[in-house]
Amino acid sequence: MATLKLTQVEKTYGGTIDVLKDINLDIKTGELIVFVGPSGCGKSTLLRMIAGLEKISGGELQIDGQVVNDIPPAQRGIAMVFQSYALYPHMTVRDNMTFALKLAKKSKSEIDAAVSKAARILQLEPYLDRLPKALSGGQRQRVAIGRSIVRDPKVYLFDEPLSNLDAALRVATRIEIAQLKESMPDSTMIYVTHDQVEAMTLATRIVVLANKGIAQVGTPLELYERPQNEFVAQFIGSPAMNLLAGEIVATGPETTVRLVGGGTATAAVATQASDMGLKVNVGVRPEDLLSVEPGAPYIFEGKVNITEALGEVTLLYFDRIRDNDAVIGKLPGIHQGLRGTTVRMTARPEKVQIFHNGQSLHYR
Amino acid sequence: MDGMAGGKSSLSWAVNISVVVLVLLWLFPTVGLLVSSFRTADQIAGSGWWTAMLPQERNETLRTDRPGDLETIPQVDGVYVVEGNLFVADGRTEGGAAISAWGTGSLAIDEFVPGDTAPLDDGQAITVQENGDYVWTSPTPQEGRGQRVFTTAATPPEFTVENYDNMLFDPSNREGMTKAFFNTLTVTIPATIIPILIAAFAAYALAWMDFPGRALLIAAVVGLLVVPLQLALIPLLRLHNEIGIGKGYLGVWLAHTGFGLPLAIYLLRNYMVGLPRDIIENARVDGATDFQIFVKIILPLSYPALASFAIFQFLWTWNDLLVSLVFLIDSSGDTTVMTKQIVELLGSRGGNWEILATAAFVSIAVPLLVFFSLQRFLVRGLLAGSVK
Amino acid sequence: MNPALLGVFTIFVGVGGCLAYFYFSNVLLDKVIFPAKGIHAGRNINRAEKVRPWLFLAPAILALGTYLAYPVVATIWLSLTDRSQGDAFVGLANYRQMGLDPKFWEALRNNMLWLIVVPAASTAFGLLAAQLTDRIRWGNIAKSIIFMPMAISFVGAAVIFKLVYDARPAGTGQIGILNAVWLQFDGGIGSLIVLRILPILLLVLMAAGLALLAWILIRPVVKPDHRRPGLIETLVRLLASVVSVLVVLACLRGILAAVGGTYPYGVPQQWLTIPVWNSFFLMIVLIWIQTGFAMVILSAALRGIPEETIEAAIIDGANPLQIFFSIKMPQIAPTIVVVWTTITIVVLKVFDIVYAMTNGQWQTQVLANYMYDKLFRSNDWGVGSAAAMVIMLLVTPILIWNVYNARKEMR
Ligand SMILES: Nc1ncnc2c1ncn2[C@@H]1O[C@H](COP(=O)(O)OP(=O)(O)O)[C@@H](O)[C@H]1O
Ligand SMILES: [Mg+2]
């Protein structure tokens, strides 16, 4: 029900410490936007600026076309779910959920309706008169979500809501959040996480934050298949994308790169003749590497240092070559006896990325 | 929270001002006493201590030199001139004040400003300068007493350490605080150290040793924590008399030890329980005895808790009146402590604030020093002792 | 011997004796009585471990027993005997005699007043100071200053405040700040505002706040909505709300007095000799001392509140006052109880202030001073001990509550 627009938003602490700068972002009604990025890159800060808990040092934030920079949090029509849940420990679940409504002087019938609806959606009905300390972690999490639902906000904000849960509960709750979003197709949500699985599974679009700014905005698959830069390429996907240094030796609709390690890579990336000889990094995801027959062209050749058999896949860790990072391969199925052998690998051209100065040549 | 959007900065002004008011309210009484202890009896009686910092407006009636005492009166341009300084004239010796207004009649004491010339009877006139210099002219030789001049002068603030000299370093002053000071010290130091030692061992046993009745003992300590010591006065005094201790230092030390123990044990046990179990078990595995563990590991690690209890006990024994009154001070009064001495002064010298203020400050100074230098430990001890 | 020398000597003997006791008793246990050698080594070690705790505890138990536990019993006994009849058992005669003494009732009444006013005021001021100083940059300095009276003896504080309350004859300059301020009031508009309208406003506010508090306390009992309080909670709530209502009534009387009373403008007042008021002037001394304690502890509690619950409340639309009363206060309620009870105990034992400032004259008597009077001035041990038992009785609920909590915590 709401759109957000961030224009050149920036944040500095104490006038000197830059945390974020030049953030431009358009969020449409009904989107679930996920902010990801390494710890300390300013995800929470950005979210808290949207919430109004932090002042915006520069730029402009609009919600539904209205500039809200100086509007206090309560009047922005947002609701927030905190990492620690931030339940009021002295209030029952019911009181936790009705606190905001009572402050807003809603009528009793309205409050009761909102609470019973939220309790039904989140299966909290049996716990309404309990104190938070008598609830499990997952239940507390649901109360925190319920507390925002009853307010029927324009924008939901989540700050790492799952990181205090154990692994199994995290998956279950993640799915619940996805279902919740589906049941409220009009509500706009912003979700902060450092977990890329959450990002990939929940997001309509992902915003990758790095180096005080936005590294890339796109749908999960765009980010996976067409990373705009080396940072995104390596941040999304696990294990991270392999990067191999080389030099362009053939241009055209497809580009060929001779690699420092001796192999050659062909990528479905268009280049011009002037790019000849350009120093680039070739990016290939471990899961895109295929072993090749002797004699066929290869991207990479190396001795397998360690193998990890995970059952569905086998991870190959190669010896480091020169100053490249150690290459990792991921082969489907079980492969025994590869350790210590020398293996040649290649990849299909449309799976190969080329980066120059850290930027993908796709996006020139 | 300060960074919140839409926050008001006027609020922060209000907060600052409220805190200033609060701090001043809390500081004012003590500062009053401190300032008073540096003023003479006359100053204290003459004006409120809060005026002591400001130059004092003082009205005085001064006289010029007696013309009758002068051998000859110099004549200048046909008029007789008596010159001098009001502050040193007529036998006075003090000077230094700056005259802000003066007059020659008691009904108009601030008629003139310095430098003016005031006409007098019989064609005489007088000029007075700010520093008290005057020129008194007359067509006929002046006679008899000096001319009266009413001055309004600002005297600079004046402080003295004479009170402290009197109360501390005058051996003939029977009301002096020196003896009481040393008596207090004599009470305080053993009464601080001994309970710590006893309590530390007990706290270790209650925290880390397993024996039947432990929980009961801890509950007993918590209970004894609040027993009013009023209850103990008569039975213990009787006990002391029966076993021959009577009134004296030994009795007061024992009493303070007994009364301080519950808090000491409680604080130290709370702290020791929080020490990592691994360290202690590791030492046990290494073959250390409980005595070694206690001395080599627990005591050094518990040093913050020991420090905070030591401060508590020190402040409490130093400031105590009741226990000393009952267990120490006999009719000879040789063992009087500062608090008792002050109470007596309050009775006998109720109006002599220079004495009271100085005596009180002598007794307050040491705890304040301890307080400001070791506040950290005090706060930590308080928190350990009461927040749960 | 010179007392200082004796002191040093005692420190050495005391400390050395303690250490020697602990060391040698342990050596004795391990080497001589239960040596960890020979065929019985294992059994001996176990036995030594059983005995050792008592070695560690012995001096403490001895001291606690002699100096605190025994006197409680002895005082009960003393309160039932008469010294002048050769310590004969006289039943409750001492209590009866005390009950006929108007001074006792005056002391009890004053103590009740102290018990309501001092803990409430100290906690309230402490809370205010903690809340305010936590939000400013020089807060730590401010805290230090407000905390400072904690280091000053009650006697020292008595002198300090005697100077504040000092009065000189009319016409001469006042050296007590209170009278100096008082003489500034002349019955004009300024006096009207400061001495009538302002107190009335404050009292009305206080009465309203307390009435609200009483209602909040009593509501779950008379109108339970979701959760019914237990028996003990009901009783505590009832008691607390009755006390609040009483204080509200007192506020209303104060308002009447402020509206209709006549003030002796221009006459310096002997503050400590005006009954009822003088008790309040004595209480101010204790409040001045105890506020710092309350502030330090409450400030730590306030800082312990998770910041995110406050942010959640901001987003929920609570204003600063609502945040303070609905989010912060309930979260630090247990700490407030601790502070309150601690100060209550101090109040029950308060002696030095009254002893030094008025010695119970002009209707300022309190129990501790009354007891001292009986014990050491009238030499009436029976009545004195009976008074001590009254203090003990007043402390007992807190004692039980503390022990109950400590046991709960240990599980
Ligand atoms: N009050 C502050 N003063 C200075 N720096 C801060 C402050 N709050 C956060 N930061 C800095 O801002 C950066 C971003 O923090 P945050 O938004 O919490 O990161 P995350 O992405 O892990 O949520 C961090 O490097 C942190 O050090
Ligand atoms: Mg974060």
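Residue numbers here run from 1 along each chain, matching the order of that chain's written sequence. Working convention: letters from A go to chains and numbers from 1 go to ligands, in the order in which they are written. It should be noted that, the model being predicted, local features are given only for residues of pLDDT at least 70 and side-chain atom pairs only at 80 or more, the latter also being counted only at that level, while totals for whole chains, interfaces and linings use all residues. Note that the side-chain values use all heavy atoms of the structure and ignore hydrogens as well as water.

The next thing to look at is the overall build of chain C. When its secondary structure is counted, chain C shows 15 helices and two strands. What you see for chain C is a C-alpha radius of gyration of 27 Å, clearly larger than the 22 Å of a compact globule of 411 residues, by over 25%. Each of the three principal axes of chain C carries a C-alpha extent, and together these read 95 × 65 × 45 Å. For every residue, the accessible area obtained with a 1.4 Å probe (protein chains only) is divided by the maximum for its type, and the residue is called buried under 20%, exposed over 50%, and partly exposed between those limits. Among the 411 residues that make up chain C, the fraction classed as buried is 48%. Summed over all atoms, the accessible surface of chain C reaches about 19,800 Å², with 71% contributed by carbon and sulfur. All tallies of charge rest on Lys and Arg as positive and Asp and Glu as negative; His and the ends of each chain are not included. Charge positions come from single atoms, namely NZ of Lys, CZ of Arg, CG of Asp or CD of Glu. Of the charged side chains in chain C, 30 are positive and 19 negative, and the gap between their average positions amounts to 5 Å. By the criteria applied, helices consist of DSSP H or I runs no shorter than four residues and strands consist of E runs no shorter than two, each listed in order from the N terminus. Radius of gyration means the value over C-alpha atoms here, while the globule rule gives 2.2 Å times the residue count to the 0.38 power. Per-residue and other accessible areas were derived by the Shrake-Rupley procedure at a 1.4 Å probe size, with only the shown protein chains allowed to occlude residues.

On to the packing of helix α5 (residues 214–224) of chain B against helix α2 (residues 41–79) of chain C. Orientation is described by axes fitted as lines to C-alpha atoms, over the contacting stretch for helices, and by angles from 0 to 180 degrees between their N-to-C directions. For the pair α5(B) and α2(C), interaxial distance at closest approach is 12 Å and the crossing angle is 35°. Considering only the axes of α5(B) and α2(C), their crossing is left-handed. Facing Leu217(B), Val221(B) and Leu224(B) of α5(B), the residues of α2(C) in contact are Trp54(C), Leu57(C), Ile61(C), Leu64(C), Leu68(C) and Ala69(C). In terms of residue class, the contact of α5(B) with α2(C) is made up of nine nonpolar, no polar and no charged. Throughout, a crossing is termed right-handed when the near helix is turned clockwise from the far one, and left-handed when it is turned anticlockwise from it by less than a right angle. Residue contacts follow a heavy-atom distance rule, with two residues in contact if any of their heavy atoms lie within 4.5 Å. Polar here means any residue outside two lists: the nonpolar Ala, Val, Leu, Ile, Met, Phe, Trp, Tyr, Cys and Pro, and the charged Asp, Glu, Lys and Arg; Gly therefore counts as polar.

Right, let's get into the interface of chain B and chain A. Listed per partner, the contact involves five residues of chain B and ten residues of chain A. Only one rule defines a salt bridge in this text: a Lys or Arg side-chain nitrogen within 4 Å of an Asp or Glu carboxyl oxygen. Viewed at the interface, chain A and chain B are joined by zero salt bridges. Under the rule applied, a polar contact is a pair of N or O atoms within 3.5 Å (in protein, one hydrogen donor and one hydrogen acceptor; residues adjacent in sequence only if both atoms are side-chain atoms). Our enumeration of links across chain B and chain A arrives at zero residue pairs in polar contact (both at pLDDT 80 or more).

A word on the UniProt feature "domain: ABC transporter" (unreviewed entry) in chain A. UniProt positions are given in the numbering used here, feature names are shortened, and annotations may be inferred rather than shown by experiment. Those residues carrying the UniProt feature "domain: ABC transporter" (unreviewed entry) are residues 4–236 of chain A in this numbering. The distance separating the terminal C-alpha atoms of residues 4–236 of chain A is 25 Å; by composition the span is 36% helix and 26% strand.

If you look at the interface, chain B gives 108 residues, while chain C gives 103 residues. Summed over both partners, the accessible area (1.4 Å probe) lost when two parts come together is defined as the buried area. At the boundary of chain B with chain C, total buried surface from both sides reaches about 9,600 Å², with 81% on carbon and sulfur atoms. Our count for the chain B to chain C interface comes out at zero salt bridges. Counting every contact that joins chain B to chain C gives eight residue pairs in polar contact (both at pLDDT 80 or more). With 17 residues, the single largest contributor to the side of chain B that touches chain C is helix α1 (residues 10–37) of chain B. Across the side of chain B that touches chain C, the residue classes break down as 83 nonpolar, 19 polar and six charged.

A few words now on the domain arrangement of chain C. Delimitation of the domains relies on an automatic or database domain assignment. Here the domain parsing of chain C yields domain 1 (3–73), domain 2 (101–158 + 274–411) and domain 3 (184–265). For domain 1 of chain C versus domain 3 of chain C, the distance between C-alpha centres works out to 56 Å.

Relative to the assigned elements, Ile136(C) resides in the loop between α4 (102–133) and α5 (139–147). Ile136(C) gets classed as buried once you look at its relative accessible area, which sits at 12%. Those residues in contact with Ile136(C) that lie beyond four places of it in its chain are Val15(B), Asn16(B) and Val19(B).

Turning next to the sheet that holds strand β3 (residues 32–36) of chain A. Residue and element names in this part refer to chain A. Read from one edge of the open sheet, six strands run β6-β7-β8-β3-β9-β10, paired in mixed fashion. Whereas interior strands pair on both sides, the edge strands pair on one side only; in this sheet they are β6 (78–81) and β10 (213–218). Sheet twist, expressed as the mean angle between neighbouring strand axes with direction ignored, is 20°. Sheet topology places β3 next to strand β9 (residues 205–210); four bridges connect them, and they run parallel. The partner of isoleucine 33 across the bridge, within β9, is arginine 205. Strands are labelled as partners when DSSP assigns at least two bridges between them.

All names here are of chain B. Pairing within the open sheet is antiparallel, and its five strands lie in the order β2-β3-β7-β6-β5. On the outer flanks of this sheet lie β2 (75–76) and β5 (117–119), each paired with one strand and no other. In this structure, strand β3 (residues 79–85) lies alongside strand β7 (residues 133–138), joined through six bridges in antiparallel fashion. Each residue of the ladder has a partner; that of tyrosine 80, found in β7, is serine 138.

Turning to the packing of α2(C) against helix α15 (residues 381–410) of chain C, a few remarks are in order. Residues and elements named next belong to chain C. In contact at an axis separation of 7 Å, α2 and α15 are set at 130° when each is read in the N-to-C sense. As summarised for this structure, α2 and α15 are arranged oblique, according to the angle between their axes. Considering only the axes of α2 and α15, their crossing is left-handed. Where α2 approaches α15, its residues Thr75, Ile76, Leu78 and Ser79 are matched on the opposing element by Trp381, Gly382, Ser385, Ala386, Ala388 and Met389. When its residues are assigned to classes, the contact of α2 with α15 shows six nonpolar, four polar and no charged. The scheme is simple: roughly parallel for angles under 35 degrees, roughly antiparallel for over 145, roughly perpendicular for 65 to 115, oblique for anything else.

Let us now look at the packing of aromatic side chains. Centres within 6.5 Å make a pair out of two Phe, Tyr or Trp rings, where for Trp the six-membered ring is used; the pair is then stacked when the planes are under 30 degrees apart, edge-to-face when over 60, and tilted otherwise. According to the stated counting rule, one finds 39 aromatic pairs over all chains in the structure shown. Between Phe181(B) and Phe182(B), the ring centres sit 5.7 Å apart and the planes meet at 80°, which makes this aromatic pair edge-to-face. Pairing Tyr204(B) with Phe56(C) gives two aromatic rings, centres 5.7 Å apart and planes at 40°, and the pair type is tilted. One end of the pair, Tyr204(B), is in helix α4 (residues 178–208); the other, Phe56(C), is in helix α2, on a second chain.

Residues and elements named next belong to chain A. Split into domains, chain A comes out as domain 1 (4–234) and domain 2 (239–363). Summarising the inter-unit geometry, the C-alpha centres of domain 1 and domain 2 are found 38 Å apart. The partner domain 2 presents 14 residues to the eleven residues of domain 1 that form the contact. Regarding the contact of domain 1 and domain 2, the summed buried area is about 1,300 Å², with carbon and sulfur atoms giving 44% of it. When the buried area of domain 1 at its contact with domain 2 is split by residue, Arg226, Glu230 and Gln234 rank highest and sum to 47% of it. Counting across the domain 1 and domain 2 interface gives zero salt bridges. If you look at where domain 1 meets domain 2, you find nine residue pairs in polar contact (both at pLDDT 80 or more).

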